[in-house]
Amino acid sequence: MADGESLTACAGVSVVKTHYPFARAYKISEDLCKEAKKFVKDERKQYGLDYFSAIDWHLAASGLLGSISEIRQREYQVNHGDKSWKLEMRPVRLQNNNREWRTWENFTQVVEEFKEGKDWKERQNKIMALREVLRKGSIEATQEFLRAYKLSHLPLFPESSGQSKQLAEGGWLSRKCGYFDAIEAMDFYIGLED
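Residues numbered from 1 in each chain as written. Predicted model: local features only at pLDDT ≥ 70, side-chain atom pairs only at ≥ 80, totals over all residues. Heavy atoms only, no water.

Peer 1: Please clarify how unusual backbone geometry should be interpreted in this entry.
Peer 2: Most peptide bonds take the trans form, and the phi angle of most residues other than glycine is negative. Put simply, Arg90 and Pro91 share a cis peptide bond, and its omega is -10°. Locating Pro91 in the fold gives a position in the loop between β4 (83-86) and β5 (92-93). Phi is positive for Lys150, which is not a glycine, with a value near 55°. Within the fold, Lys150 resides in the loop between α5 (139-148) and α6 (164-170). (Helix = DSSP H or I, 4+ residues; strand = E, 2+ residues; numbered from the N terminus.)

Next comes the structure, spelled out in structure tokens:
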């Protein structure tokens, strides 16, 4: 750019079935883009960071009604007393950052591990069991799952995030789940060749 600043962008992606109402999918995408922009604004305010690109998405397997915030509150939030646990890690940064584990690279690495990793490949029942355990919103329930399946940890995030071990041993960080989005996206995600 002429002013020396790098370009950034935010995106909202709604993956829907072919007969899903277009106007509704478009509205969800707009709302998701607003969520990505809010994520950037909040991160900049909290950490004093430069602008960065972010993406948010929703996979609409059925005709869920309501705004994206209503859908997430109803479908992706677990309440324990006065605290809520969020199943989604979205939105995510498109660039890596050593302070933030919620990046596109980390997300895709976890999806790939579920699809191709030796402890997970072709073990759909185990992955679906993990999804149900994560719905409990409990680190203890996740650790019980790991013991039951004789696993030392869930798929690892890149170490650059600095929080890989905590996520892999409990599934959660700051009441946000690191694995539910990856499980949900497995059937839709197609990696790009290097």
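Peer 1: Would you mind going over the pairing of strand β2 (residues 54-60) with me for this structure?
Peer 2: On any regular strand, side chains alternate: one points to one face of the sheet, the next to the other face. Most of β2 sits inside the fold, with seven of its seven residues counted as buried. The alternating pattern of β2 places Ala54, Asp56, His58 and Ala60 and Ile55, Trp57 and Leu59 on opposite faces, both of which are buried. Pairing of strand β1 (residues 10-16) with β2 involves seven bridges; the strand directions are parallel. Each residue of the ladder has a partner; that of Val16, found in β2, is Ala60. Taken together, β1, helix α1 (residues 22-47) and β2 form a β-α-β motif whose crossover is left-handed. Bridge analysis of β2 against β5 gives two bridges, and the strand direction is antiparallel. If you follow Ala54 over to β5, its bridge partner there is Arg93. (Buried < 20%, exposed > 50% of the residue type's maximum accessible area, 1.4 Å probe, protein only. Pairing = 2+ DSSP bridges. Right-handed = clockwise from strand over helix to strand, strands pointing away.)

Peer 1: Looking at this model, I keep getting lost on the packing of aromatic side chains. Mind explaining?
Peer 2: Aromatic ring pairs are reported here in terms of the distance separating the ring centres and the angle at which the planes meet. Summed over the entire model, instances satisfying the criterion amount to 13 aromatic pairs. Between the aromatic rings of Phe22 and Tyr26, the centroid separation amounts to 6.1 Å while the plane-to-plane angle is 35°, which identifies the pairing as tilted. Placement of the pair is Phe22 and Tyr26 together in helix α1, with a separation of four residues, close to one helical turn. The exposure class of Phe22 is exposed, given its relative accessible area of 66%. Both rings, one in Phe114 and one in Trp120, keep their centres 5.1 Å apart while their planes meet at 90°; by these two values the pair is edge-to-face. In this structure, Phe114 and Trp120 share a single accessibility class: buried. The rings of Trp101, Phe114, Trp120, Phe145, Tyr149, Phe157 and Tyr179 are connected pair by pair, giving a single aromatic cluster. Above the face of the Tyr51 ring, Arg44 is positioned so that its terminal group lies 3.7 Å from the ring centre. Against the face of Tyr76 rests Arg90, its NZ or CZ located 4.9 Å from the ring centre. (Phe/Tyr/Trp six-rings, centres within 6.5 Å; stacked < 30°, edge-to-face > 60°. Lys NZ or Arg CZ within 6 Å of the ring centre and 35° of its normal.)

Peer 1: Explanation requested: the sheet that holds β5 in the structure shown.
Peer 2: Whether parallel or antiparallel, the strands of a sheet pair through hydrogen bonds between backbone atoms. If you walk across this open sheet you meet the three strands as β1-β2-β5, and the pairing is mixed. Where the open sheet ends on each side, the last strands, each with one partner, are β1 and β5. The strands touched by α1 are β1, β2 and β5; relative to β1, the strand with the most contacts, the crossing angle is about 145°. (Contact = heavy atoms within 4.5 Å. Axes fitted to C-alpha atoms, helices over the stretch in contact; angles between N-to-C directions.)

Peer 1: Would you take a moment to explain the side chain of Arg102 for this structure?
Peer 2: With respect to the helices, strands and loops of the structure, Arg102 is situated in the loop between β5 and α3 (104-116). The contacts of Arg102, once residues within four sequence positions are left out, are Phe39, Glu43, Met89, Arg90, Pro91, Val92, Arg93 and Lys176.

Peer 1: What should I look at first to understand the pairing of β4 in this one?
Peer 2: Strand direction decides the pairing type here: strand β3 (residues 77-80) and β4, joined by four bridges, are antiparallel. Paired with Asn79 across the two strands is Ser84, which belongs to β4. Hairpin connection between β3 and β4: a loop of two residues separates the two successive antiparallel strands, and Gly81 in this loop has a positive phi of roughly 60°.

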